[in-house]
Protein chains: 2
Amino acid sequence: MQNALTIGELSARSGVAPSALRYYERLGLIWSSRTGGNQRRYERAMLRRVAFIRVSAQVGIPLEEIRAALASLGDGRTPTKADWTRLSRAWRSRLDERIALLEKVRDQLDDCIGCGCLSLKSCGLYNRDDELASKGPGPVKLLRRD
Amino acid sequence: MQNALTIGELSARSGVAPSALRYYERLGLIWSSRTGGNQRRYERAMLRRVAFIRVSAQVGIPLEEIRAALASLGDGRTPTKADWTRLSRAWRSRLDERIALLEKVRDQLDDCIGCGCLSLKSCGLYNRDDELASKGPGPVKLLRRD
DNA sequence: CTGCAAGTTGAAGTGAACTTCAACTCAAGG
DNA sequence: CCTTGAGTTGAAGTTCACTTCAACTTGCAG
């Protein structure tokens, strides 16, 4: 068991395509050292970092924001436990928000099932529109953080 | 209070840009009748449909899938209460899955905060990779339905 | 009737997140 | 050594979900 992973190994273990890993590297989300023959070698810790990136991206956070968050962990070095804890907590509140949003949508949908949604005023999903309209133009802001 | 909305009115009340509404119409997600002068007029019921589309899209469901789901509601006509109930239930389980996923990620992140995540074996987020790797190659499947 | 905001079209542009391609070079087993 | 699968690059292509543009036409308030 060595501790340097090739891009293929990192890809296999993270489930992220090699092309995507190179892309992440170009964007500065991950990094590698190089062999004499110019091939990438990743520290095993990069696996954790890639997992974090994927999970965050799937939650809808843009790569640039993820990059910024990770960059706040001391530049280039493997994060310390304290760094990781801090970042995890921040991300957790992000997840909590997202979960709360989905639960709200779900509950509104439940109301809709009840009300039939064709008649009316009392439907949350229906009335939500006017609420949103009153908050100004542009795409619906459900996902936005200010 | 008439019951036909111009594209501008539908836009204002749904919070979706007119260009996006035309785009949805091209994709067959919504439809309109036309005035003598070829301007779109939307039934008020379209407001509910647009709300449904937006909420679904924000939950990460691609427009084409939303279109397909809506198409299952009897073609072109305003859905009956039964149609709507059926669709809502299906969508609800979709939301439930998504919520469950996020909760799982959150809990794993909590474990990570605890374990420091640098030491290793015991971290859910970390070990998840190998789990994924064992399920074959390709991008992480967290969001996929088979 | 006129003025002008609001609407129309098809085509092209945008940005995010990747993937694909061509044309190589590297590394490791037999 | 040699073959072959894995890796390298920059540039271009792809998909999704829209937006922008240019060149018009409509509809309604005054």
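One can find the structure itself at the top, above this paragraph.
Residues numbered from 1 in each chain as written. Chains lettered and ligands numbered in written order. Predicted model: local features only at pLDDT ≥ 70, side-chain atom pairs only at ≥ 80, totals over all residues. Heavy atoms only, no water.

Would you mind showing me how to read the protein's contact with DNA strand D here?
Surveying the vicinity of DNA strand D reveals 19 residues, the closest of which are Gly8(A), Arg40(A), Ser19(B), Tyr23(B) and Tyr24(B). A distance of 3.0 Å separates a phosphate oxygen of DNA strand D from a polar atom in the side chain of Thr6(A). Here a phosphate oxygen of DNA strand D sits 3.2 Å away from a polar atom, N or O, in the main chain of Ala20(B). Where the surface near DNA strand D is concerned, the elements lending two or more residues are helix 1 (7-14) of chain A together with helix 2 (18-27) of chain B. A total of four residues in the surface near DNA strand D trace back to one element, the largest contributor, which is helix 2 of chain B. Taken together, the residues that form the surface near DNA strand D break down as seven nonpolar, eight polar and four charged. (Near = heavy atom within 4 Å. Polar contact = N/O pair within 3.5 Å; in protein donor to acceptor, adjacent residues only side chain to side chain. Helix = DSSP H or I, 4+ residues; strand = E, 2+ residues; numbered from the N terminus. Nonpolar A, V, L, I, M, F, W, Y, C, P; charged D, E, K, R; others polar.)

Sorry, what's going on with unusual backbone geometry here?
For residues other than glycine, phi is negative in most cases, and the peptide bonds are mostly trans. Its identity is not glycine, yet Asn38(A) carries a phi of approximately 70°, on the positive side. Examined against the element boundaries, Asn38(A) turns out to sit in the loop between strand 2 (33-34) and strand 3 (40-43).

How should the protein's contact with DNA strand C be read in this particular structure?
The immediate surroundings of DNA strand C are formed by 19 residues, with Ser19(A), Tyr23(A), Tyr24(A), Gly8(B) and Arg40(B) found nearest. At the protein interface, 83% of the atoms of DNA strand C within 4 Å belong to sugar or phosphate. Here a phosphate oxygen of DNA strand C and a side-chain polar atom of Tyr24(A) are 3.0 Å apart. Within the residue set of the surface near DNA strand C, elements represented by two or more residues are helix 2 (18-27) of chain A together with helix 1 (7-14) of chain B. Looking at the surface near DNA strand C element by element, the count peaks at four residues for helix 2 of chain A.

Before we go on, may I ask you to explain the packing of helix 3 (residues 45-58) of chain A against helix 4 (residues 63-71) of chain A in this structure?
A pair of packed helices is captured by two measures, namely the crossing angle of their axes and the spacing between those axes. Residue and element names in this part refer to chain A. Contact geometry for helix 3 and helix 4: axes closest at 10 Å, N-to-C directions at 140°. Judged on the interaxial angle alone, helix 4 and helix 3 are oblique. Along this stretch, helix 3 crosses helix 4, giving a crossing that reads as right-handed. Residue-level inspection shows Arg49, Phe52, Ile53, Ser56 and Ala57 of helix 3 in contact with helix 4, the latter providing Leu63, Ile66 and Leu70. Its residues placed into classes, the contact of helix 3 with helix 4 shows six nonpolar, one polar and one charged. (Axes fitted to C-alpha atoms, helices over the stretch in contact; angles between N-to-C directions. Parallel < 35°, antiparallel > 145°, perpendicular 65-115°, else oblique. Left-handed = near helix turned anticlockwise from the far one by under 90°. Contact = heavy atoms within 4.5 Å.)

What is the right way to read the pairing of strand 3 of chain A from this model?
Residue and element names in this part refer to chain A. Pairing geometry for strand 1 (residues 4-5) and strand 3, over two bridges, is antiparallel. Note on strand 3: the bridge partner recorded for Leu5 is Tyr42. Bridge analysis of strand 2 against strand 3 gives two bridges, and the strand direction is antiparallel. Along strand 3, the bridge assignment pairs Ser33 with Arg41. Taken together, strand 2 and the strand that follows it, strand 3, pair antiparallel across an intervening segment of five residues, in which Asn38 is found at a positive phi of about 70°. (Pairing = 2+ DSSP bridges.)

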